[in-house]
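Close look at the chain arrangement
So you can see what is in the structure, the chains are spelled out below.
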Amino acid sequence: MVIKIFYGKHKISRLTINLLLITIFVWSCKYSSNKQEFDDIKTPEVNTIITKLENSNSNNVIVVAHRGDWRNAPENSIQAIKNSIEMGVDMVEIDIRKTKDNHLVVIHDKTLNRTTTGKGLVSEWTLDSLKTLYLKNGVGHPSKHKIPTLKEALLVAKGKILVNLDKCYNYFDEAFNVLKETGTTNQVVIKGFDKTIEDVKLDFGTKLDSIIFMPVINLDKQIKASQIIENYQKKLKPLAFEIVFSQDTSKVLNTFSEMKNKGSRIWVNSLWGSLNANHDDDMAVKNLDSIYGWYISKGINIIQTDRPEMLLKYLRSKGLHD
């Protein structure tokens, strides 16, 4: 006998109800599994990392993964961000571009050629068309990973890791809307090169109250670097400065203690030699102390790296990272 339930003018059989219950059960199990997988990532909450960032004189070095953990997943991929979170990285740097239909996506180059199975300018593709492509891995072979949107990347990072949005300055207004939507304004770092304090205040306005702005100082190009740094520390009080240098002869390199005493951490990129007077990650493979040890001796306490796992292991062995 089939029992029937009446709802208004519609009849619903017990078989239909059972099918609905089974569907709900399967969906809830899948949701719980995904949620458990996400919750199982063991890493300090983002507020802990922010507190560490605000302690400018701390010897605890903040580690930034450049384009995520791209040695074990495609650069700027969701998996590269997840890997960074799982290994205990403090911040992940990702690159932002805009599609033809004005969506923000995570990809480094202006073109698709190097990192995806597509060709041409990112700006000439719609989001839907980009989602048909696959990301390439570190040796140029297609993977199963897709180009993420900024929203997708931020939801993965939410509450777990700081995020540096690179190549995003010129359309940060659109990005800020995504930050508000995802509730991640407090964990995003935006940097600016060759910008006066007036420029920054005009460009960001009240957004400076909720985001982390970081000036980039290129010691090779900015002759009055010391004066620029001093003005920023007086008027904007940035939590950190990114310092770029191809030679280690600038007097600014000997003023890091003073800068930290005034409330700013020192960020240096260990990515390739022209950014750090040849104190780069690839050289660190041969001798960790001669490269990363040099950073520590200079008082540098934020390092952006292409080898986050190796750097974390080194810092932890010295008691310089949790």
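The structure we're discussing is the one just above.
A short tour of the structure in this document, coming up. (Residues numbered from 1 in each chain as written. Predicted model: local features only at pLDDT ≥ 70, side-chain atom pairs only at ≥ 80, totals over all residues. Heavy atoms only, no water.)

**Comments concerning helix α8 (residues 225–235)**
Residues of α8 that are buried: Ala225, Ile229, Tyr232 and Gln233. In an axial view of α8, the angular spread of the buried residues amounts to 95°, which keeps them on one side of the axis. Exposed and oriented more than 90 degrees from the buried face of α8 are Lys234 and Lys235. Lining the buried residues of α8 we find α7 (197–204), β8 (212–218), β9 (240–244) and α9 (256–261). (Buried < 20%, exposed > 50% of the residue type's maximum accessible area, 1.4 Å probe, protein only. Helix = DSSP H or I, 4+ residues; strand = E, 2+ residues; numbered from the N terminus. Arc of directions from axis to C-beta. Contact = heavy atoms within 4.5 Å.)

**Considering the packing of aromatic side chains**
Inspection of the entire model under this criterion finds nine aromatic pairs. Look at Tyr169 and Phe204: their rings are 5.0 Å apart centre to centre, the planes differ by 85°, and that puts the pair in the edge-to-face class. Taken together, the positions of Tyr169 in the loop between β6 (162–166) and α6 (172–182) and Phe204 in helix α7 put the pair 35 residues apart, joining distant regions of the chain. Each member of the pair, Tyr169 as well as Phe204, is classed as buried. Ring centres of Phe245 and Trp294 lie 6.2 Å apart, and the angle between their planes is 45°; this geometry places the pair in the tilted category. A residue pair is termed long-range when its members are at least 10 positions apart, and Phe245 in the loop between β9 and α9 and Trp294 in helix α11 (residues 288–298) qualify at 49 residues. Stacked on the ring of Tyr134, the Lys or Arg Lys146 has its end atom at 4.0 Å from the ring centre. Lys207 extends its terminal NZ or CZ atom over the ring of Phe176, reaching a point 5.5 Å from the ring centre. (Phe/Tyr/Trp six-rings, centres within 6.5 Å; stacked < 30°, edge-to-face > 60°. Lys NZ or Arg CZ within 6 Å of the ring centre and 35° of its normal.)

**Quick look at the packing of helix α5 (residues 150–157) against α6**
Where α5 meets α6, the axes come as close as 10 Å, and the angle between the chain directions of the two elements is 40°. Our classification of the angle between α5 and α6 gives oblique. In this structure, the crossing between α5 and α6 has a hand that is right-handed. Contact with α5, carried on its side by Leu150, Lys151, Leu154 and Leu155, involves Ala175, Val178, Leu179, Glu181 and Thr182 of α6 and no other residues of that element. (Axes fitted to C-alpha atoms, helices over the stretch in contact; angles between N-to-C directions. Parallel < 35°, antiparallel > 145°, perpendicular 65-115°, else oblique. Left-handed = near helix turned anticlockwise from the far one by under 90°.)

**A word on unusual backbone geometry**
For Asn76, which is not glycine, the phi dihedral falls at a positive 60°. By secondary structure assignment, the location of Asn76 is in the loop between β3 (62–66) and α3 (78–87). Backbone geometry places Asn102, a non-glycine residue, at a positive phi of 70°. Its location among the elements puts Asn102 in the loop between β4 (91–98) and β5 (104–106). A relative accessible area of 55% means that Asn102 is categorised as exposed.

**Digging into α7**
By the burial criterion, the buried members of α7 are Ile197, Val200 and Phe204. In a view along the axis of α7, the buried residues occupy a sector of 60°, so they form one face of it. Exposed and facing more than 90 degrees away from the buried side of α7 are Glu198 and Leu202. Where α7 terminates, the next one or two residues include Gly205, which has phi positive at roughly 55°.

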